[in-house]
Amino acid sequence: MTDKKYDSGFSFYIPLVLLAAFLLGCLSVALISVRENVLQITYSSEVSASDSVKNKKNVRKSPVYDDSGLKYRMVSASDLNIQKEEDVKKTSAEPVSSEDDTDSDSSEVSSDVSSQPAQDVSSEPVVSDEAEPDGLILPNDQYINFTPHKEGYVAYLTFDDGPSEYTEDILDILDYYNVKATFFVIYHKDMADKYKAIVDRGHTIALHTYTHDYKKIYRSEKAFFNEIDRIQNYVYRVTGTRSRIIRFPGGSSNTVSRHYSEGIMDRLKKSVPARGFVYHDWNVDSCDAEAYNMAPEKLLANVQKSLTKYRKPDILMHDAGESKRTTVEALPAIIEYVYSQGYSMEGLQLDSYAVHHNW
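Once a new chain begins, its residue numbering starts again from 1 and follows that chain's sequence as written. Local features in this predicted model are restricted to residues of pLDDT 70 or higher, and side-chain atom pairs are both shown and tallied only at a pLDDT of 80 or more, whereas totals for entire chains, interfaces and linings draw on every residue. Excluding hydrogens and water, the side-chain values take into account all heavy atoms of the structure.

### Comments concerning the confidence of the model for the chain
Alright, step 1. Each residue carries a pLDDT value, the predictor's own confidence for that position, ranging from 0 to 100. Summing up the model confidence of the chain, the mean pLDDT is 76 and the portion of residues at 70 or higher is 64%.
Alright, step 2. Taken as a whole, residues 42-84 scores under 50 in pLDDT and shows 80 contacts with residues more than four places along the chain or in a different chain.
Alright, step 3. Contact between two residues is taken to exist if any of their heavy atoms lie within 4.5 Å; hydrogens are not considered. Low pLDDT (under 50) marks residues 94-145, which in the prediction has 106 contacts with non-local residues, meaning those over four places away or in another chain.

Here it is, written out as structure tokens:
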């Protein structure tokens, strides 16, 4: 009798114990879930804030075609790396060959970007070790492969008439592709920071006279050198660089100057070197000076038409603000094409090869 009563009483408590255990388990799960949600919200907020700061400091921009004006589109660096891996596999399967009519030492070029020398520009943007910036969607909406440079093939990207409100856009594009260029500047009020940015970011600043006014510039040799001295002194004052590289407005073969002083170009082509200056014309013309905002595709076609005729092409473009906005839009595609033909790109120096018209 005693055992039976005991069993009956104990059975009465079993459901209560199980119910209590179940409720306790539910409470524990709920508390854990709440804790995880709070941690996730806190972490997401921290990451968002961190990314926002990083993006503001490190995002680089490149213009793309857009009928409504100069626009920018961004893509993450991880997406670019994925595209790069796919491009490397593709080019490994289909080697790229290049023709070189003037270089007797030409050889088959490897399409594997990993085999490029350290000084060559790779297909990834150069970034600091502090943070990895976002990359860019290029005008053709794909990441490109760079052809390894052919020895002795150097292209000079040159921009006349700047600086302008688009100078820093140009500098951003040049930085993205890790190439250097030359800016033949004139005087522009309230743009001291633009002149300085050209020099600070490793490009060559050169002289294109102070006013670019043909009537003032070409009335005499004295007037010409007065213009050169004024822009040289101004550039030195705001950048600390005393440039001795010049480009004649209109080039050394211009015929407009004869209206102000007959034979002045023949005299200047002798007196300019005698005074320690080096002058540069061009042998590849984007023709962006021939129209107000010529179509980017046309500008590219103009460069493609004559680039490969020369081992050291000097490419004429203009940094002239809104009237040359499409030059900025065409620049990424122009750089890509120059790279695809095996050229490196450098800024002009005093000892660089100088293109001279009519020589």
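So much for the structure itself; the text now carries on.
### Quick word on the packing of helix H3 (residues 167-177) against helix H4 (residues 192-200)
Alright, step 1. Between H3 and H4, the least distance of the axes is 10 Å, while the angle of their chain directions is 15°. In this view, H3 runs roughly parallel relative to H4, as classed from their interaxial angle. When the axes of H3 and H4 are compared, the crossing they make is left-handed. Residues Thr167, Glu168 and Leu171 of H3 touch H4, and the partners they reach there are Asp193, Lys194, Ala197 and Ile198. Angles run from 0 to 180 degrees between N-to-C directions of axes, and those axes are lines fitted to C-alpha atoms, restricted for helices to the stretch in contact. A run of H or I in DSSP becomes a helix once it reaches four residues, and a run of E becomes a strand once it reaches two; helices and strands are each numbered from the N terminus. Any angle from 65 to 115 degrees is called roughly perpendicular, while one under 35 is roughly parallel, one over 145 is roughly antiparallel, and all others are oblique. What makes a crossing left-handed is the near helix being turned counterclockwise from the far one by less than a right angle; a clockwise turn instead makes it right-handed.

### Quick word on the nonpolar core
Alright, step 1. Only buried residues count toward a nonpolar core. Its members are Ala, Val, Leu, Ile, Met, Phe, Trp, Tyr and Cys residues joined through side-chain atoms within 4.5 Å. Relative accessibility thresholds used throughout: buried, under 20% of the residue-type maximum; exposed, over 50%; partly exposed, between the two (1.4 Å probe, protein chains only). In terms of nonpolar packing, the biggest core is built from 59 residues, with Leu157, Leu174, Phe224 and Ile335 touching the most fellow members.
Alright, step 2. Considering each element in turn, this core owes the most residues, 9 residues, to helix H9 (residues 325-340).
Alright, step 3. Setting aside chain neighbours within four positions, we find Leu174 in contact with Leu157, Val179, Ala181, Phe183, His203, Leu331 and Ile335.
Alright, step 4. Tyr156, Phe184, Ala206 and Leu348 belong to the second largest nonpolar core, which has 6 residues in total.

### So, the packing of aromatic side chains
Alright, step 1. Two rings belonging to Phe, Tyr or Trp (six-membered ring only in the last case) form a pair when the distance between their centres is within 6.5 Å. Interplanar angles under 30 degrees mark stacking, angles over 60 mark edge-to-face geometry, and anything in between is tilted. Taken as a whole, this structure holds 11 aromatic pairs when the rule is applied.
Alright, step 2. Where Tyr187 meets Tyr234, the ring centres are 5.0 Å apart and the plane angle is 85°; that geometry is what we call edge-to-face. One end of the pair, Tyr187, is in the loop between strand S6 (182-185) and H4; the other, Tyr234, is in helix H6 (residues 221-239), and 47 residues separate them in sequence.
Alright, step 3. The exposure class assigned to Tyr187 is partly exposed, which follows from its relative accessible area of 29%.

### Comments concerning the pattern of salt bridges
Alright, step 1. The rule for a salt bridge is simple: a side-chain nitrogen of Lys or Arg has to be within 4 Å of a carboxyl oxygen of Asp or Glu. Per the counting criterion, the structure on display carries 9 salt bridges.
Alright, step 2. Residue Asp314 is joined to Arg247 by a salt bridge in which the shortest nitrogen-to-oxygen separation is 3.0 Å. Taken together, the positions of Asp314 in strand S11 (residues 314-318) and Arg247 in the loop between strand S8 (245-246) and helix H7 (264-274) put the pair 67 residues apart, joining distant regions of the chain.
Alright, step 3. For Arg247, a relative accessible area of 1% translates into the label buried.
Alright, step 4. Among the ionic pairs, Arg325 bridges to Glu329, the shortest N-O distance being 2.6 Å. Of the two residues, Arg325 and Glu329 are both situated in helix H9; the distance of 4 residues between them amounts to about one turn of the helix.

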